[in-house]
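Descriptive structure summary
What follows is each chain in one-letter form.
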Amino acid sequence: MKSSISSASSVGSRVKRSHERRHSSKSSSTTSSYHDSDSVASLRSGSAFRSKASSRNRSVASHDTYSIESGSQKSKVSAASTKSHFSNDDDSVFPMRSSHSVSSRRSNRSTPSFQEQLESLSDRSHRSGSELSGSAARSSPRSVSSHASHKSNHSRRSNRSSSSRKSSMSNSHRSLASTNSHNSASVTSHKSTNSQRGKKTSSLQQKGETQLKSKRYSEAIKSFTSAIRACDSSQDWSGSDEDKATNGTDTTMAVLYRYRCEALYEIGLYELAAKDARKALKLEQSSTKSDHTNNGLALRGKILSLLGYSLLRIGNNNLESAKKAFEDSIEIIKEAIDNAKMLSSTGQPSTSLDDAKKLLKTTLEESKTGLNEIVTYETLKEELKDSSRKSYIMDLDSILDMTPGNIDLHVQKIKHLISRKRWFEVANHCEQMAAKASRYCGVGIFKGDLQDADPFPDMKLEELDPDHFTRRDIVVPQHLRVLPAVATREAVSLLPKEILSYYVTSLRLEDRCDSALLVGRFLRKKGDSVDNIEKEWQKLNDTIKLREEGNVFFRNGKFDRAASQYKQCLEVCSETNTGGQINAALHYNRGKCFYAMSQYQDASTEFTQAISIHSMYSDAILQRARCHLQMKDRKKASANFNRYLTLVEGTREHPYPPPYKGSNCFFDMPSDVTYRQVESVKAEMEKHRIADISSNQRHSNTQSGMSSFIEKSKAKLFSGLCNK
């Protein structure tokens, strides 16, 4: 019994020393279990105690070596190996059980103190020692042999488990190294991709700026949109706000939006330009750098100026916002100029600062001009309340130049032109609006973040030329041009619904029946709810039918029936005496019918009606002169003959009347009369002994040397005749 107690005490001493060594590696829970199991096994082994202790010391050395290598995984692996080898519960069946499950289960147990562990071991040593003494005294050589065999088997299992543990640790090292390598490669790849996107952004920005300077606005918009997409993709949103601010990404994006805003503004997309300006302002941040063109105050001032102009062009209720944007821009630019002056006094390079000052002053002047435009707009708006003013239409055009996006003003102008029976100019104004809208139709600019902003997503231009009204190779001035019939179908798709009905009516009254038919079919097929479209369609078909019937009767010499058909056609077209080319032509045709039937008074009346609609209707003027000649009214005949010659000769030098002056129509103009026709009319006048007043005046001017006075008189006479 004493031997057992001394043996237990010796074991307790060794356990204590071992525990102190293991405690330095901070694995108390695993070490306690390790000592407990080992001591119990040693007591049960009896004579094999020394050999077992030696084996335990080797295991401890192996454990300490892994603890140094693995660091954080030290306690988990120790617990797993201890559980696998020395526990008698069910876990001993699974020597490869994961360290996570074992560690989790052990972590849920409360770890006893060292004193408690020592007392427990002493008690077990007393009990086991007494049992072992009796058992050893009674054991046979066979039991000793069996015990040695059991020890050998246990040693083999321990070696296999140790090899498995080392293999598991090696795999864990390799997995950790592989993960670290993969993460490092991902970070390197991400940085490389961002670097490439940054270079791409810079390249696209430079390309867009070049296109903007050369006025290739659609191409510039596409370049800046691609740059915005590349710059947005290269942002690293995982960092803090401070990191993102220092990267300069927001400033780059602000500059890109600022340039695209300018390109959108130039092609007439004012609402999108205003949106880009607001985005740029939001992204722009205060900068203390010495770059006075793109950063800090200079950038903000330029963006505010662009925003002001965009809002001004939209019109409607945006004028107050535009005014505030201009005022803020002026204030900021003045501050930037002061800063630039301070930098120049500190010895900064003069060339770069001079260039910066020029750009700042340019922006300042632009903002001041914008403010002046708003003042002018407000003044003209007040004057437009009186539509009887002679300059009313010119003032209306001036306001529309400042706010072309204000649809209400376009409708106001069209209604004023209708009140003056100037249907040709109604159609011209509508078609110019369509041509301007076609500049951004089908050119591929609505991509990226502009994809949902396309006002005509399914529109593809085939016949409409966006530059039809601005081309310089066309002799006819802009205000007298008309679109080809095939292009009107596309034009009507680009017009606001508020003016569609006016455009359809103008095509019918200006005798552009081919265009009117194309537009009418298109609108009816499309199913758009256009005011009076069905009514206009019926009037158009009746007009074409009745006039064609009258022409057939006239060609067959049935002048009375032809005059009747023309009258019915006039009743269709002349609701409330609307005017237009179709009405002037129908009155002229009726006059020819009456002249053919020798009804000169009725013929003269019809020709007068035609001239009242189209004051420069050269054929109608000539035919009325002949009517008066037949009625023996030589005075009126002479007046009409000389008016005809004056208009023809006057248009030799000035073939086209200025805007809103001259005739309400533009067909059968005096400029279309040939020299042979003029000589024929002069011969007719000479035959009837009617003096050529214009010829006599020219001869008198040469003889008296008063050419300048007569030229002014002729110009005044010509202007008066044009407006009669």
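1. Describing the pattern of salt bridges
- If you walk through the whole model with that rule in mind, you get 24 salt bridges.
- We note a salt bridge from Arg 389 to Glu 383, for which the minimum N-O separation is 3.4 Å.
- Glu 383 gets classed as partly exposed once you look at its relative accessible area, which sits at 32%.
- Here the salt bridges share partners, and the residues they tie into one network are Arg 260, Asp 276, Lys 279 and Asp 449.

2. Here we look at the confidence of the model for the protein chain
- Model confidence for the protein chain is summarised by a mean pLDDT of 74, while 62% of its residues fall at 70 or above.
- Scored below 50 in pLDDT, residues 236-247 shows 7 contacts in the model against residues more than four places distant or in partner chains.

3. Some points on the environment of Thr 488
- Here Thr 488 shows up in helix H18 (residues 485-494).
- Not counting chain neighbours up to four residues away, the residues in contact with Thr 488 comprise Glu 431, Leu 483, Tyr 503, Arg 512, Ser 515 and Val 519.

4. Comments concerning helix H23 (residues 581-596)
- For H23, built from 16 residues, the straight-helix expectation of 22 Å at 1.5 Å per residue is met to within 8% by its first-to-last C-alpha distance of 23 Å.
- In terms of burial, H23 is largely enclosed, as 13 of its 16 residues are buried.
- Where H23 terminates, the next one or two residues include Ser 598, which has phi positive at roughly 65 degrees.

5. Structural notes on unusual backbone geometry
- The residue Tyr 660 is not glycine, and still its phi comes out positive at about 65 degrees.
- Looking at the secondary structure, you find Tyr 660 in the loop between helix H26 (634-653) and helix H27 (675-687).
- Of the residues examined, Tyr 660 reaches a relative accessible area of 15% and is grouped as buried.

6. What about a positive patch on the surface?
- Positive charge collects at one region of the surface, where Lys 200, Lys 207, Lys 222, Arg 229 and Lys 447 lie side by side.
- Of all the secondary structure elements, the ones that give two or more residues to the positive patch are helix H7 (141-213) and helix H8 (217-233).
- With respect to the helices, strands and loops of the structure, Lys 222 is situated in helix H8.

Procedures and definitions
Residues numbered from 1 in each chain as written. Predicted model: local features only at pLDDT ≥ 70, side-chain atom pairs only at ≥ 80, totals over all residues. Heavy atoms only, no water. Salt bridge = Lys/Arg side-chain N within 4 Å of Asp/Glu carboxyl O. Buried < 20%, exposed > 50% of the residue type's maximum accessible area, 1.4 Å probe, protein only. pLDDT = per-residue confidence, 0-100. Contact = heavy atoms within 4.5 Å. Helix = DSSP H or I, 4+ residues; strand = E, 2+ residues; numbered from the N terminus. Expected span 1.5 Å × (residues − 1). Patch = residues over 30% accessible without salt bridge, like charges linked within 9 Å, V, L, I, M, F, W, Y side chains within 5 Å. Areas by Shrake-Rupley, 256 points an atom, 1.4 Å probe, with all protein chains shown as cover. Lys, Arg positive; Asp, Glu negative; His and termini not counted. Charge placed at Lys NZ, Arg CZ, Asp CG, Glu CD.

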